[in-house]
Amino acid sequence: MHIALAQLDHVVGDLAGNARRILDAADAGRRGGASLVVTPELSLCGYPPEDLLLRPAFLDACAAELAALAGAVRGTTIVVGFPERRDGLRHNALAVIRDGRVEAVGRKQRLPNYTVFDEQRYFSPGDAPCVVDVEGLRCGLVVCEDAWFPEPAAQARAAGAGVIVVPNGSPYHTKQQAARLAVML
């Protein structure tokens with residue numbers, strides 16, 4: 001299975017522009033033979049959206065843009081980070097989009113609240129694994145901070161995941177890669 005990582009220059013609040021960039025990346029991934037195209041966390045709205053998340057109209061616009069984006073996807077599976085409002089709660093979520101629809105949604109379980117992160121102010125944690133089939137391979141999705149703790153990946157593995165995919169939106173720093181490898185291996 002080929003996976004395309006769509007490291008795009010998302011703009012906070014530019015939902016239509018971000019969706020267009022995501023769709024272009026999905027098309028490029030499909031043309032390049034990717035079965036799965038992965039975008040960063042909160043890629044639809046741009047990262048970090050901060051207090052925009054407190055505006056119901058912003059969350060409604062994100063939901064509408066996600067539905068429109070899903071309707072345009074054919075020929076590959078894409079993972080799109082977006083802010084979800086469900087049952088009165090906000091989640092840092094991942095949509096699995098395939099064949100014109102959102103097939104599954106995964107929700108970030110571990111919400112960082114240190115250095116530049118203030119996610120507990122904006123989001124409620126998820127509590128269930130998200131595992132989807134892509135070309136016969138069961139892929140577990142965990143969001144960024146979830147990868148630093150064993151429980152989210154263990155839940156995905158218990159649900160049948162053979163590989164863990166970790167969309168991330170963290171700011172870059174030079175020591176991060178070595179730290180990630182130490183945790184993941």
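Remember, predicted model here, so these are calculated numbers, not experimental data.

(A) How the structure looks around the sheet that holds strand β7 (residues 137-141). With mixed pairing, 3 strands are arranged side by side in an open sheet as β6-β7-β8. Lying at the two open borders of the sheet, with one neighbouring strand each, are β6 (130-134) and β8 (163-165). Put simply, the sheet's adjacent strands are angled 35 degrees from each other on average, direction ignored. Summarising the sheet, β6 and β7 pair through 5 bridges and their orientation is antiparallel. Along β7, the bridge assignment pairs Cys-130 with Leu-141.

(B) Expanded view of the environment of Gly-46. Along the chain, the position of Gly-46 falls in the loop between β2 (36-38) and α2 (56-72). Accessibility expressed as a relative area gives 0% for Gly-46, which makes it buried.

(C) Local environment of the nonpolar core. Counting residues in each nonpolar core, the largest one holds 18 residues, and the members touching the most others are Ile-22, Leu-44, Leu-66, Ile-78, Val-80, Phe-82 and Ile-97. Looking at this core, the elements that each hand over two or more residues are α1 (15-31), α2, β3 (77-86) and β4 (89-98). For this core, the element with the most residues is α1, which contributes 4 residues. Counting 14 residues, the second largest nonpolar core, distinct from the first, contains Ala-104, Val-134, Cys-139 and Leu-141.

(D) Quick look at the sheet that holds strand β1 (residues 3-5). In spatial order, the strands read β1-β2-β3-β4-β5; together these 5 strands make up an open sheet with mixed pairing. The open sheet is flanked by β1 and β5 (101-107), the only strands paired with a single partner. On average, adjacent strands in this sheet sit at an angle of 35 degrees to one another, irrespective of strand direction. Sheet analysis places β1 next to β2, joined by 3 bridges and oriented parallel. Looking at β2, one finds that Ile-3 is bridged to Leu-36. Packing of α2 onto the sheet brings it into contact with β3, β4 and β5, and relative to β3 it is tilted by some 155 degrees.

Conventions used here
Residues numbered from 1 in each chain as written. Predicted model: local features only at pLDDT ≥ 70, side-chain atom pairs only at ≥ 80, totals over all residues. Heavy atoms only, no water. Pairing = 2+ DSSP bridges. Helix = DSSP H or I, 4+ residues; strand = E, 2+ residues; numbered from the N terminus. Axes fitted to C-alpha atoms, helices over the stretch in contact; angles between N-to-C directions. Buried < 20%, exposed > 50% of the residue type's maximum accessible area, 1.4 Å probe, protein only. Core = buried A, V, L, I, M, F, W, Y, C linked by side-chain atoms within 4.5 Å. Contact = heavy atoms within 4.5 Å.

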